[in-house]
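What the coordinates show
One letter stands for each residue in the lines below.
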Amino acid sequence: MATPRTPNAARKALARLSLPERTAVADALRTETVGGVLLLVAAVAALIWANVPALSHAYATVSHFHLGPAALGLNLSVAHWAADGLLAVFFFVAGVELKRELVAGDLRDPKAAVLPVVAALCGMVVPALVYTLTNLTGGGSLAGWAVPTATDIAFALAVLAVIGTSLPSALRAFLLTLAVVDDLFAILIIAVFFTGRIDFAALGGAVAALALFWLLLRKGVRGWYVYLPLALVIWALMYNSGVHATIAGVAMGLMLRCVTREGEERSPGERLEHLVRPLSAGLAVPLFALFSAGVPVSGGALAQVFTRPETLGVVLGLVVGKTVGVFGGTWLTVRFTRASLSEGLAWADVFAVATLAGIGFTVSLLIGELAFSGDLALTEEVKASVLVGSLIAAICATVLLKVRNARYRRLCEDEERDEDQDGIPDVYEQDDPAYHLRMAEIHEGKAAEHRRIAAGLAAAARRARAEVPGGAGEENGRPA
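Each chain carries its own residue numbering, running from 1 in the written order of its sequence. At least 70 in pLDDT is required for a residue's local features to be given in this predicted model, at least 80 for side-chain atom pairs to be given and counted, and no such filter applies to totals for whole chains, interfaces and linings, which use all residues. Values shown for side chains rest on all heavy atoms present in the structure; no hydrogens or waters enter the calculation.

The chain appears in an unreviewed UniProt entry as Na(+)/H(+) antiporter NhaA from Streptomyces griseoluteus. UniProt positions are given in the numbering used here, feature names are shortened, and annotations may be inferred rather than shown by experiment. Check the Catalytic activity (unreviewed entry) section of the UniProt entry for the chain; it says "Na(+)(in) + 2 H(+)(out) = Na(+)(out) + 2 H(+)(in)". In its Function (unreviewed entry) section, the UniProt entry covering the chain states "Na(+)/H(+) antiporter that extrudes sodium in exchange for external protons."

1. Points about the pattern of salt bridges
Side chains carrying opposite charge are able to pair once their charged atoms draw close together. A side-chain nitrogen of Lys or Arg and a carboxyl oxygen of Asp or Glu constitute a salt bridge if their distance falls within 4 Å. Enumeration over the complete set of coordinates arrives at 8 salt bridges. With a shortest N-O distance of 3.1 Å, glutamate 310 and arginine 308 are connected by a salt bridge. By sharing partners, the salt bridges in this structure join Glu97, Glu273 and Arg277 into a single network.

2. Observations concerning the packing of helix α13 (residues 347-356) against helix α15 (residues 376-403)
Axis definition: a line fitted to C-alpha atoms, over the contacting stretch in the case of helices. Angles run 0 to 180 degrees between N-to-C directions. Numbering of helices and strands runs from the N terminus, with a helix taken as a DSSP run of H or I at least four residues long and a strand as a DSSP run of E at least two residues long. The contact between α13 and α15 brings their axes to 8 Å, and the two run at 160 degrees. With respect to α15, the element α13 is oriented roughly antiparallel. Seen from above, α13 lies across α15 with left-handed handedness. In this structure, α13 contributes Phe351, Ala352, Thr355 and Leu356 to the contact, and α15 contributes Ala393, Cys396, Ala397, Leu400 and Leu401. Each residue gets one label: Ala, Val, Leu, Ile, Met, Phe, Trp, Tyr, Cys and Pro are nonpolar, Asp, Glu, Lys and Arg are charged, and the others, such as Gly, are polar. Class assignment for the residues of the contact of α13 with α15 results in 8 nonpolar, 1 polar and no charged. Oblique is the label for any angle not under 35 degrees, not over 145, and not in the 65 to 115 range, which are roughly parallel, roughly antiparallel and roughly perpendicular in turn. Crossing handedness follows the turn of the near helix against the far one: under a right angle anticlockwise gives a left-handed crossing, and clockwise gives a right-handed one. Residue contacts are counted whenever heavy atoms from the two residues lie within 4.5 Å of one another.

3. Side note on helix α8 (residues 224-241)
Spacing of three or four residues puts side chains on the same side of an α-helix, whose turn is 3.6 residues. Residue count minus one, scaled by 1.5 Å, sets the expected span of a helix. Compared with an ideal rise of 1.5 Å per residue, which puts 18 residues at 26 Å, α8 spans 25 Å between its outermost C-alpha atoms and is within 8% of the ideal. The complete set of buried residues in α8 reads Tyr227, Leu230, Ala231, Ile234, Trp235, Ala236, Met238, Tyr239 and Ser241. Where the residues of α8 are buried, they touch β3 (76-77), α3 (78-103), α7 (200-218) and α9 (246-255). Backbone geometry just downstream of α8 places glycine 242 in the positive-phi region, at approximately 100 degrees. Only protein chains enter the accessibility calculation, which uses a 1.4 Å probe. A residue is then buried if its area is under 20% of the maximum for its type, exposed if over 50%, and partly exposed in between.

4. A few points about the confidence of the model for the chain
As a per-residue measure, pLDDT tells how confident the predictor is, with possible values from 0 to 100. Looking at the chain as a whole, the pLDDT averages 83, with 86% of positions reaching at least 70. Here strand β5 (residues 474-475) stands out as the least confident element of the chain, with mean pLDDT 50; α7 is the most confident, with 94. Counted against residues more than four places away or in other chains, residues 1-9, with its pLDDT under 50, gives 0 contacts.

5. Let's talk about the packing of helix α6 (residues 169-193) against α13
Two quantities define a packed helix pair, namely the angle between the helix axes and the distance between the axes. Running from amino to carboxyl end, α6 crosses α13 at an angle of 35 degrees, the nearest separation of the two axes being 11 Å. Once α6 is placed against α13, the crossing between them reads as right-handed. Across the interface between the two elements, Leu171, Phe174 and Leu175 from α6 touch Asp349, Val353 and Leu356 from α13. Classifying every residue of the contact of α6 with α13 gives 5 nonpolar, no polar and 1 charged.

6. Some details on helix α4 (residues 110-138)
Across its 29 residues, α4 extends 41 Å between first and last C-alpha, which sits within 8% of the 42 Å expected from 1.5 Å per residue. Two residues or fewer past α4, glycine 139 is found with a positive phi of approximately 75 degrees.

7. Some points on the environment of proline 268
With respect to the helices and strands, the residue proline 268 is situated in helix α10 (residues 268-292). Sequence-wise, proline 268 and cysteine 258 are 10 residues apart; in three dimensions their C-alpha atoms are separated by 6.4 Å.

Spelled out as structure tokens, the structure:
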């Protein structure tokens, strides 16, 4: 007789990660969290440096100091080098991370990819709409519509590190994947909407150099002394083409192979990401923040953030638009795919993570510079609004996550428990018969130990009763 078929279990949204994906996410988050703390330190240092009267002139002098070969069109200010040069490293890591997600991570499965992609798209569209409506109503400039669309994963993880939350790995991975997709769309926005005059000769040279980069990778050529000079040539040509130079970084990252072959523990892309990510998170992004976040802050300037339509639109876009967009996109996806939230999670948790996505720092500052490049005063005010909006989002997320932190700690303890001490958390071995046999041996050993202890205690009690017959006692150490 045929065995009756059981209905398929309902698909879970934000379910527990697979063990390899959990390890990869943990490695990435560990570096990004450290980088996020450095980013916070750099942002605070920039604000102090730019606002202390005795230091502000030095900040302006250093930021606008030019260096580089003018003959190659690269005589740039220090701030310009940080925005166009160092951020190319950041976008290179983003490109590798996106490639890994697409070919080896959760995004390779279309069903799993729907949730973070839709959430990221809604989390960019809604802030842009909030900014646009605010400026149409207030008569402001629509040029900054893209400023509140980006999420800064390093800054968000730094907030998590500071408040000490034990956010479950599934939610952390959702935030990380959301930020990766967010970065991709931010790159497309920069390439499409913030590219001015194009030098087709330089652009053609950049494309040819990228083709050579791809060919060398496919031929298996190795050696940093080959790829590093070529990467610098690609970056310089892309910069001189008029297309934002960070596009070169993400293009090279997407070309790397991120699938392991026989005999490899890690793919070339993963190895290079492992090497470059600390440089990106620990040096490139903090230095960019140091020379971009130094905006004048005063009572009047902060008040103007909430009165000028451009700056108010950025704040509302980050705080309200991001939260509504990410949460709404997640809810709609779960609703129309008939999925259900994973056990232990509630919609309040998704809302808190959506609020955390409103921290838009690095890419938002970059887009703010590009959007209002012709108006220095407005550029500074928009940067201040990015800082204010990100701070408000961080405070809101902190409050919401703290409310659920005790629950998160219990979930994390369940995820980390390893009673058989084989180095693999028990939750990943529930379908392995060998695990249950090991646990049976452990419990049988414990039961045998408890029986031995109980037998010893019972024997001691019997001896004690035998030594005191009929109420006899002792006097001066002798039997009475």
